[in-house]
Amino acid sequence: MGVIGLAILVVTGCTAQIGDSRPISPLGSLAHHKPVTLTLWGFFTGREAAVVDGELAQLHKRYPWLTVKQVQGKIDDDVLRGINSGHPPDLALLGGPQNLAKFCDSGALRDIGPVARKDHLDLSATFPKQVLTYSSYGGKTCALPLLTDAFGLYYNKTLLAKAGYHHPPRTLSELTTMAKKLTTYNKDGSIKVAGFVPLSTFYESAHALQGNYFGASWYHNGTSVLGTDSAWVRGLDWEKSLIKSIGYDKLSKFAATLGAESEFASNNGFETGKVAMMIDGEWRVAFATADKTKVDYATAPFPADNPALYGSGQIGGTLIGIPAGVKHPSESWLAMRYLATNTGALNQLSAGLKNVPTTFASLRTSKFSRNPLTSTFAQILQNKHSSWKQPTTAGQVDIDLLTAFEGKWEAGQVGDLRGGLRQLAKDVNTQTAIR
Amino acid sequence: MRSGSVTVGETPTSGRTARRAPTGGRGSQRLRRRRRLTVLAFMSPWIVGFLAFVLYPMISSLYFSFTTYDLTKPPRWVGLHNYWLLFTQDPVFWQSVRNTLWIICIGVPAKILFALAVALVIVRIRRGAGVYRTIAYLPAIVPMVAAGLSFVYLLNPSGPVNGILGALGLGKPLWFGDPHWAKPGLAIIMIWAAGNTMVILLAALLDVPKDLYEAADLDGAGAWARFRRVTLPLISPVLYFALLTGIIEGFQYFTQAYVASKAISGNAQTLGAPQNSLMFYGTWLYQQGYSYFHMGYASALAWILFLALFAVTLVLIRTSRRWVHYSGG
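The residue numbering used here restarts from 1 in each chain and proceeds along that chain's sequence as written. Throughout, the order in which chains and ligands are written sets their labels, letters from A for the former and numbers from 1 for the latter. Totals for whole chains, interfaces and linings use every residue, but because this is a predicted model, local features are given only for residues with pLDDT of at least 70 and side-chain atom pairs only at 80 or more, for both listing and counting. As a convention, hydrogens and water are excluded, and side-chain values are obtained from all of the structure's heavy atoms.

Asks: Please explain the overall build of chain B as it appears in this structure.
Replies: When helices and strands are counted, chain B shows 14 helices and 2 strands. Based on C-alpha atoms, the radius of gyration is set beside the globule rule, defined as 2.2 Å times the residue count to the power 0.38. In terms of overall size, chain B is more extended than a compact globule, its C-alpha atoms giving a radius of gyration of 27 Å where 329 residues would be expected to give roughly 20 Å. The C-alpha extent of chain B, read off along each of the three principal axes, is 85 × 75 × 35 Å. When the 329 residues of chain B are sorted by exposure, 42% land in the buried category. In what follows, residue pairs with any heavy atoms lying within 4.5 Å of each other are defined as contacts. Here the analysis covers contacts within chain B between residues at least 6 apart in sequence; of these, 65% occur between residues at least 24 apart. For chain B, the accessible area works out to roughly 18000 Å², and carbon and sulfur atoms hold 66% of it. Positive residues here are Lys and Arg, negative ones are Asp and Glu, while His and the chain termini are left out of the count. To locate a charge, take NZ of a lysine, CZ of an arginine, CG of an aspartate or CD of a glutamate. In chain B, the 29 positive side-chain charges and the 10 negative ones have mean positions that sit 14 Å from each other. Only runs of H or I of at least four residues qualify as helices and only runs of E of at least two qualify as strands under DSSP, and these elements are numbered from the N terminus. Three labels apply to residues, based on accessible area from a 1.4 Å probe with only protein chains included: buried if under 20% of the type maximum, exposed if over 50%, partly exposed otherwise in between. Reported accessibility uses the Shrake-Rupley method at a 1.4 Å probe radius. Residues are deemed covered only where the shown protein chains occlude them.

In structure tokens form, the structure reads like this:
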């Protein structure tokens, strides 16, 4: 018993609270400083990591005393382990906003609001509100956006024109009508070309069903409103009616035949003309170019249930933060500020990583915003209704539970949608409470 | 103790030394202490490893299972709340239990039966037996991730397997795209990679004395009777081993399910797709611990798994006396 008691003492002693209240002082534009080497943990690998390395080399040119070494393939829980072990990276990239609230709430990432003010960086004048919303939690700004994703509609101009359409759909009901007309069938009844595949497991279709396009909310005062916000019923009913009109089995077979692995391969259904319209991120333009697609396509905002929402979309991308316990927080801030706000650096990163730039200046000046195919996504980002779901400490669990529920709903395994959504809200609240 | 006998841990020399130095003497005590220290020194790498990498993590996870702990804040004691939640409030927990039991009850026996069938065929081959053994064993050395990805391709609805099924006029399942066919798809991977089980069963079959078959022949036993009365009892210890390790593997089933559900999921974050049909106990535990950072809850899941596995192993060991035949008593 004594040994077990001692072990429990050791266990509890090894789980000290994360926190770091040392002030971060801005260094300004120092030309001379004692040489410092920082580590940046990021999830990027291969070609994308090389793009980041290129910008870190530029940073070193600007501040020859400052070297930032990137460690590739580090995801959010690696960062957390590093912080817990007392050896955090000097800078951390988060793959998306889902864990930001948790990291912010606990102090795992430093609040950079005070140092930004001291360093005369006006966050609201630098970044669109939409990206600041998901990089802050509980009144603290725990990260800066470093490029983002935005989701919009890709449509095959040739197929639409053949069906008599010269504009993309703007409302969900228009999408339904066009999707049905654009869907063609083989002799055996299977789908030859899908107008639109609404199944939540198909490519990025899940993003069409996460509330943005039918104006649904996730939480009110930290409690799930999946069961009480009628917009969810409206959105899922829209999806189901489209599925029914084409046939769940046919759509499932079509999606499975294409295979999920084709999403990021040259046999992508849209790039090969087998899918007339799909929701996807801004990166698809780069993939389609690399794959030399022969499809004549264009991009547009994804249709919305309410015309007032048209032009908006789901957003959410990479964040950069300073972990608690770093040895050189001021130097980390200098590097972080450069990467996230220097227009030249951000434009280079945007061009290399093919993501939406995240400052007003880079949105104005980057090539991304000038290319008609990608500019759609820059505009989506700046639409006042564009958002990531409300950040909570629940992390990814609410999205996963919703996606699993939608899978059952699509397959006809949920008889009572309202009851199912109420249970789903309860499950989300239960999982959120575990923490 | 009889004169001249040796206890475990003592060398014959120690007996002679003991006679020279009467028990209780100062020299003898020093010598005993030194011997114990020597033994301890040799065992110390294991002891340190056990304490640091087995006992400490076990006690830690047991403690965490009674707390809410998300790695960012100190654990907060909640007593049995996590256990109550998982049994009463977590629908995915029960689905993961059902999926895991499916693999244990269907996948594991299918794998053993397939391995036994292959071993029974190979044991009869006279020429080129080594080549066939190697071919049958090869899948076992393919990394599980590679195997999982390969089967996602092979079992694509328009892939080669469905091509053959179609040519034979049989149905073409959606496999990993259909919640009803996803687990059978995984069972096929299990069966395909049964090389390890096949090898030990083959060794057991080769070890069955030929004279027993000759005696059975003389008694007029047919092929089934020979298998039922001679082969099966003599290979039962190996079957028991295969069953026990298979069940343990089934309880901890993870890699193939993870790979398949990731590969077929359009949303890269979703594990368990389609419709949680590939959400096994291990994947749900992983998801809770490493995606949601619910370490306290994941620890409770881990302890339930440990206790269930312990209980099943105990039952198997106890009941094995009834059906496992050990030669020579």
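Asks: What is the right way to read the sheet that holds strand E3 (residues 91-94) of chain A from this model?
Replies: Adjacent strands of a sheet form backbone hydrogen bonds with each other and so pair up, either parallel or antiparallel. All names here are of chain A. One requirement defines pairing of two strands: DSSP has to find at least two bridges between them. What the 5 strands build is an open sheet, ordered E2-E1-E3-E14-E6; its pairing is mixed. On the outer flanks of this sheet lie strand E2 (66-71) and strand E6 (144-145), each paired with one strand and no other. For strand E1 (residues 36-41) and E3, the ladder comprises 2 bridges, and the chain directions are parallel. Bridge pairing in E3 links Leu 40 to Leu 91. Orientation is described by lines fitted to C-alpha atoms, with helices fitted over the stretch in contact, and by angles between N-to-C directions that extend from 0 to 180 degrees. Against the sheet, helix H2 (residues 46-62) contacts E1 and E2, and its axis sits at roughly 170 degrees relative to E2.

Asks: Where do I start with unusual backbone geometry in this structure?
Replies: Note: most peptide bonds trans; most residues except glycine with negative phi. All names here are of chain B. For the bond from Ala 273 to Pro 274, the omega torsion is 0 degrees, close enough to zero to count as cis. Looking at where Pro 274 falls in the secondary structure, it is placed in the loop between helix H12 (255-264) and helix H13 (281-291). Of note, Asn 276 is a non-glycine position whose phi angle comes to about 65 degrees, a positive value.

Asks: Any chance you could explain helix H3 (residues 76-84) of chain A here in plain terms?
Replies: Along an α-helix, residues three or four apart share an orientation, since each turn contains 3.6 residues. With respect to burial, H3 of chain A is a largely interior element, 7 of its 9 residues being buried. Within H3 of chain A, the full set of buried residues consists of Asp 76, Asp 77, Asp 78, Val 79, Leu 80, Gly 82 and Ile 83 of chain A. Buried-residue contacts for H3 of chain A involve E1, E3 and helix H4 (100-106) of chain A together with H13 of chain B. A positive phi of about 85 degrees marks Gly 86 of chain A, the residue just after H3 of chain A.

Asks: In this structure, what is going on with the pairing of E3 of chain A? I would like to understand it.
Replies: Within a regular strand, side chains alternate between the sheet's two faces. All names here are of chain A. Side chains of E3 alternate between two faces, with Leu 91 and Leu 93 and Ala 92 and Leu 94 buried alike. Relative to strand E14 (residues 319-321), E3 runs antiparallel, the two being bridged by 3 bridges. By the bridge assignment for E14, Ala 92 is matched with Gly 321.

Asks: Teacher, can you tell me more about the sheet that holds strand E9 (residues 191-196) of chain A here?
Replies: Residue and element names in this part refer to chain A. Within the open sheet, the 5 strands sit side by side as E8-E9-E12-E7-E13. Their pairing is mixed. Pairing within the sheet leaves two strands with one partner each, and these edge strands are strand E8 (184-185) and strand E13 (297-300). Relative to strand E12 (residues 275-281), strand E7 (residues 151-156) is paired through 5 bridges, and the arrangement is antiparallel. Counterpart to Gly 152 in the pairing with E12 is Asp 280. Relative to the sheet, helix H11 (residues 248-258) contacts E8, E9 and E12, its axis offset from that of E9 by approximately 100 degrees.

Asks: Can you walk me through the pairing of E12 of chain A in this structure?
Replies: Residues and elements named next belong to chain A. Burial of E12 is extensive: 7 of the 7 residues sit out of reach of the surface. In this structure, E9 lies alongside E12, joined through 2 bridges in parallel fashion. Bridged to Phe 196 within E12 is Met 277.

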